[in-house]
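# Close look at the chain arrangement
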Amino acid sequence: MNVRHVRAVLRREALELRRNRLVALTMAILPTALVASAVATTAFIARTPEGEFRGDVPAGLAPQLRALGHGRDALLGLVADQYLYMLLLIALALPSTIAAHAIVGEKVERTLEPLLATPIATSDLLLGKCLAAVVPATLITQLGYVLTVAGFAWTCPPSVVALTCRPVWPLAFGLVVPALAMLSALASIVASSRVNDPRTAQGLVGFLVIPVIGAGISSVMGRLFLDVGHLAWGALGVLVLDTAVLWLAVKLFSREAILTRWK
Amino acid sequence: MIRAQGLGRTFGRFVAVESLDLDVAEGEVFGLLGPNGAGKTTTVRLLTGVIEPTSGTATVAGHSVRDAPEKVRAQVGILTETPGLYVRLDAVENLRFFGELAELSGLERRIQEVLSRLDLWHRRREPVGGWSKGMRQRLAIARAVLHAPKVLFLDEPTSGLDPEAARSVRALVSELRAEGCTIVLCTHNLDEAERLCDRIGILKTRLLRTDTPARLRREFAEPRTVVRLGAPWTEDLEARIAAWPFVRSFASAADGGEGRTLRVALAAPDLDTPALVRALVEAGASVRSVADETPSLERVYLDLVGAAHDDAAGGGAS
Ligand SMILES: Nc1ncnc2c1ncn2[C@@H]1O[C@H](COP(=O)(O)OP(=O)(O)O)[C@@H](O)[C@H]1O
Ligand SMILES: [Mg+2]
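Quick caveat, the model's predicted, so the values are computed rather than measured. (Residues numbered from 1 in each chain as written. Chains lettered and ligands numbered in written order. Predicted model: local features only at pLDDT ≥ 70, side-chain atom pairs only at ≥ 80, totals over all residues. Heavy atoms only, no water.)

Attention shifts here to the pattern of salt bridges. A full pass over the atoms with the stated rule returns 30 salt bridges over all chains. Note that R167 of chain B is salt-bridged to E164 of chain B, the shortest N-O span being 3.2 Å. In this pair, R167 of chain B and E164 of chain B are both assigned in helix α6 (residues 163–178), three residues apart and thus about one turn of the helix distant. Of the two residues, R167 of chain B and E164 of chain B, both sit in the exposed class. A single network of salt bridges, built from pairs that share partners, joins R12, E13, E16, E106 and K129 of chain A together with R88 of chain B. (Salt bridge = Lys/Arg side-chain N within 4 Å of Asp/Glu carboxyl O. Helix = DSSP H or I, 4+ residues; strand = E, 2+ residues; numbered from the N terminus. Buried < 20%, exposed > 50% of the residue type's maximum accessible area, 1.4 Å probe, protein only.)

See below:
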């Protein structure tokens, strides 16, 4: 690995990203809307007098939520958890936007050929492109988590805030989010090698959100209350997928393949 | 500087380049001349270590394209068929990126030097997306020479440019040539090849001929006498023409209709033309017209490429 080469690619991608209003806007809108919506929704629920919930805690909820003791707080905890699942989706959505543009853009502008005529190793090029998608997406997602929890601290009672800070969430955002972002970036690079429209490439990556949404739905249904054990299994799954897609991406991302098979 | 031996590349069953033998000396400008699809770009990709040969090998700037393609890539500069610039970046940012990949020291100074030289320095802060084709091509050349490569590959540097821009690109190539750059220039423009190159290789999947423009021209450019004949034409007549003492060589071709066009190289054109006409008439041929022809390099090229085409077509049918 040549660090200077990877850094050069990373820097150029970042520069282009900043100039590409459409992509920059797409990247900003989704997290901003989610954080705002999380804070607004919890603020609205928290303002409803506890009396209107008549103190009942719905029976179908996870025991950890029922343990909060108040109907309103249990609902707040449930909603807060749902928003955190959705925030995880950002780690999947953003890298595919960036990476798809980074690859399809080069294909359409025909900039890959002069690039491939330089000494850069294709693995460094692949790494640079991945990092260019993974780093901003990870940072934005993590910032989203911090802002959301800060918002909850303002809108929710401390017991609910404590739930959103329970070990599994910082671990998820700290460690699993980069792996998720990597999966999304690699998958869109693989998809981009076959299509000439970034949106199609992004669309093909869309199926990756299914497990995360599935986890969110299970938790609404009271079947799942995410803990470190679940997260470890999830992370293992993501790493296995990461490895598989990385293998595919490296194969597709060779000079020969790019020049002679990417159309 | 470049030595290729039996270099070839196939894509599946399609042969793009076949058994290419090539020697390019330091400081030489070598023209690869061939029609579209002749394999020029493929040859450049092979010689720059971008794709692997399927047969043979080549050494470029002291490194084997098979064993050390990354070293080859570090030593060569290449102007690809399309300039392939980052349109959202400005000229300096475009060059800086490639300079970083080449790990140049004193990069900013070098960028200024190259941009000034190509008369682009005053436009350095504009995104190149808004530039004219000619300016983009100049910037692409700037990028190709940024790291002072040992060999420069220019793949159709003037195609698609307006005459003015093409002229400025040619002037630039002339300058580089004068400075002693080793250059491989792909083109399908004969005039360009003739003006810019020390030697020309005529390529059509295989390298059909390699020589200096002057020698190619001299060898093929001996004046011919072109005689157009009406019917009838017999094989017998062909044999008799070949035997006439004043005929050094000749070619005959059907001219579309019943007739025939003869291209005859005479021992002494001024003296022998009347003799040729007389002999033809006596042999029973109906002479329709007689003219002198000084073939251009274009004729040479078309003959060679046409013959290669016929060969290929014949080979495929049998
Ligand atoms: N990656 C590829 N896959 C299949 N055929 C190719 C590929 N690259 C080039 N060819 C074929 O090889 C031939 C030579 O192409 P090229 O080297 O681009 O010619 P030129 O540059 O002289 O126009 C063409 O017929 C082209 O279709
Ligand atoms: Mg070409």
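That shown, we press on.
In this section: the site of ligand 1. Near ligand 1 the following residues occur: T260 of chain A together with F11, F14, A16, P35, N36, G37, A38, G39, K40, T41 and T42 of chain B. Each of chains A and B places residues near ligand 1. K40 of chain B has a polar backbone atom sitting 2.8 Å from an oxygen atom of ligand 1. Sorting the residues of the shell around ligand 1 by element identifies β2 (14–24) and α1 (40–47) of chain B as the ones contributing at least two each. Here the shell around ligand 1 takes three residues from α1 of chain B, the largest share from any one element. Its residues assigned to classes, the shell around ligand 1 shows five nonpolar, six polar and one charged. (Near = heavy atom within 4 Å. Polar contact = N/O pair within 3.5 Å; in protein donor to acceptor, adjacent residues only side chain to side chain. Nonpolar A, V, L, I, M, F, W, Y, C, P; charged D, E, K, R; others polar.)

To continue, consider the domain arrangement of chain B. Taken domain by domain, chain B consists of domain 1 (2–218) and domain 2 (223–293). Taking the mean C-alpha position of each, domain 1 of chain B and domain 2 of chain B sit 45 Å from one another. (Domains from an automatic or database assignment.)

Grouped together as the largest cluster of nonpolar side chains are 114 residues, with contacts concentrated most on W169 of chain A together with L47, V60 and F153 of chain B. Residue contributions to this core peak at 18 residues, all from helix α4 (residues 71–109) of chain A. Apart from the residues lying within four places of it in its own chain, the contact partners of F153 of chain B are I2, V44, L47, T48, V76, G77, I78, L79 and V184 of chain B. The next biggest cluster of nonpolar side chains, apart from the first, holds 45 residues, and it includes L95, L146, L152 and L176 of chain B. (Core = buried A, V, L, I, M, F, W, Y, C linked by side-chain atoms within 4.5 Å. Contact = heavy atoms within 4.5 Å.)

Residue and element names in this part refer to chain B. Here strand β9 (residues 199–204) runs beside strand β10 (residues 206–211); their pairing, made up of five bridges, is antiparallel. What sits directly across from I200, in β10, is D211. Between β9 and the antiparallel strand that follows it, β10, lie one residue; T205 among them carries a positive phi value of about 65°. (Pairing = 2+ DSSP bridges.)

Quick look at the sheet that holds β10 of chain B now. Adjacent strands of a sheet pair through backbone hydrogen bonds, lying either parallel or antiparallel. All names here are of chain B. Read across the sheet, six strands follow the order β6-β7-β8-β3-β9-β10 without closing on themselves; strand pairing throughout is mixed. Two strands lie at the open edges of the sheet, namely β6 (76–79) and β10, each paired on one side alone. With strand direction ignored, the average angle separating the axes of adjacent strands in the sheet is 15°. When strand β3 (residues 29–33) meets strand β8 (residues 182–187), the two strands line up parallel, connected through five bridges. If you follow L32 over to β8, its bridge partner there is C186. (Axes fitted to C-alpha atoms, helices over the stretch in contact; angles between N-to-C directions.)

Right, let's get into unusual backbone geometry. Residue and element names in this part refer to chain B. Even without being a glycine, D119 presents a positive backbone phi close to 65°. Relative to the helices and strands, D119 is located in the loop between α4 (107–117) and α5 (133–145). For T205, which is not glycine, the phi dihedral falls at a positive 65°. With respect to the element layout, T205 can be found in the loop between β9 and β10.

What follows concerns the packing of helix α3 (residues 91–101) of chain B against α4 of chain B. How two helices sit against one another is set out by the angle between their axes and by the gap between those axes. All names here are of chain B. Taken N-terminus to C-terminus, the directions of α3 and α4 make an angle of 125°; their axes are 10 Å apart at the nearest point. Compared by their axis directions, α3 and α4 come out oblique. Pair α3 / α4 crosses with right-handed handedness. Listed contacts from α4 to A91, V92, L95, R96, G99 and E100 of α3 are L107, E108, I111 and L115. Here the residues of the contact of α3 with α4 are counted per class, giving six nonpolar, one polar and three charged. (Parallel < 35°, antiparallel > 145°, perpendicular 65-115°, else oblique. Left-handed = near helix turned anticlockwise from the far one by under 90°.)

Turning our eyes to something else, we now look at the environment of V264 of chain B. All names here are of chain B. One can find V264 in strand β13 (residues 260–266). Taking the C-alpha atoms as reference, V264 lies 9.8 Å from F246; in sequence the two are 18 residues apart. Residues within four places of V264 in sequence aside, it is in contact with P223, R224, T225, V247, S249, F250 and L276.

Bringing the coordination of the magnesium ion (ligand 2) into the picture now. Residue and element names in this part refer to chain B. For the magnesium ion (ligand 2), every protein donor is listed as T41 (OG1) and E81 (OE), and the spread of their distances is 2.0 to 2.5 Å. Of this pair, T41 sits in helix α1 while E81 is found in the loop between β6 and α3, placing the two residues 40 residues apart along the sequence. Residue classification places T41 among the buried positions, given a relative accessible area of 17%. (Donors = N, O, S within 2.8 Å, 3.2 Å for Na, K, Ca; no water.)

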